[in-house]
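# A structural walkthrough
Here are the chains, one letter per residue:
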Amino acid sequence: RAQVVAEFLARLKPRLPLTLEWLGDAFGPALRPEVRALVVSTETEAGGEAVNRRREELGAPRVDVLVAPLVADPTLVRPAGPRAVAAGA
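Let us look at the structure shown here. (Residues numbered from 1 in each chain as written. Predicted model: local features only at pLDDT ≥ 70, side-chain atom pairs only at ≥ 80, totals over all residues. Heavy atoms only, no water.)

## Some points on the pairing of strand β1 (residues 37-41)
Looking at chain direction, β1 and strand β2 (residues 64-68) are connected through 5 bridges and run parallel. By the bridge assignment, Val 40 is partnered in β2 with Val 67. (Pairing = 2+ DSSP bridges. Helix = DSSP H or I, 4+ residues; strand = E, 2+ residues; numbered from the N terminus.)

Below, the structure written as structure tokens:
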């Protein structure tokens with residue numbers, strides 16, 4: 001998954017400095033003082049606010065939380081319900 005993200009971002013902006021991090025807990029690297037912004041989905045926006053609450057508890061500055069809507073890829077979404085059974089899914 002990380003490789004797909006890196007390739008996508010490289011196509012959009014080839015010279016963009018990029019570091020992908022493994023998320024080992026609910027906050028991942030978001031609590032590091034050098035982090036200045038988070039990009040979250042509409043579904044995880046509350047998590048961005050949780051990061052800011054935790055950062056405040058630790059005495060770190062809040063970060064900007066940028067919300068990006070999810071865009072479904074129809075080739076990856078299988079139909080639900082009766083159509084899924086009819087399609088053999």
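Now that the structure is up, let's keep going.
## Here's the deal with the side chain of Arg 55
Along the chain, Arg 55 falls in helix α2 (residues 45-57). Glu 34 provides the closest opposite charge to the buried, unpaired Arg 55, separated from it by 7.5 Å. Apart from residues no more than four positions distant in its own chain, Arg 55 is found in contact with Ala 30, Leu 31, Arg 32, Pro 33, Val 35, Ala 60, Pro 61, Arg 62 and Val 63. (Buried < 20%, exposed > 50% of the residue type's maximum accessible area, 1.4 Å probe, protein only. Lys, Arg positive; Asp, Glu negative; His and termini not counted. Salt bridge = Lys/Arg side-chain N within 4 Å of Asp/Glu carboxyl O. Contact = heavy atoms within 4.5 Å.)

## Some remarks on the layout of surface pockets
Quantified by volume, the largest pocket comes out at close to 1800 Å³. In terms of lining residues, the largest pocket is bounded by 35 residues, among which Val 5, Leu 20, Leu 23, Val 39 and Val 40 are the most central. Put simply, the parts of the chain that give the lining of the largest pocket at least two residues each are α1 (2-12), β1 and α2. Ranked by residue count, the leading element in the lining of the largest pocket is α1, at 7 residues. Taken together, the residues of the lining of the largest pocket sort by class into 23 nonpolar, 6 polar and 6 charged. (1 Å grid on protein atoms, 1.4 Å probe; cavity = no way out; pocket = protein on both sides within 12 Å on 5 of 7 lines; lining within 4 Å. Points joined across faces, edges and corners; volume = space filled by probe spheres on them. Nonpolar A, V, L, I, M, F, W, Y, C, P; charged D, E, K, R; others polar.)

## Notes on the pattern of salt bridges
Enumeration according to the criterion identifies 4 salt bridges in this entry. Through salt bridges that share partners, Glu 49, Glu 56 and Arg 62 make up one connected network.

Just geometry here; none of it tells us what the structure is for.
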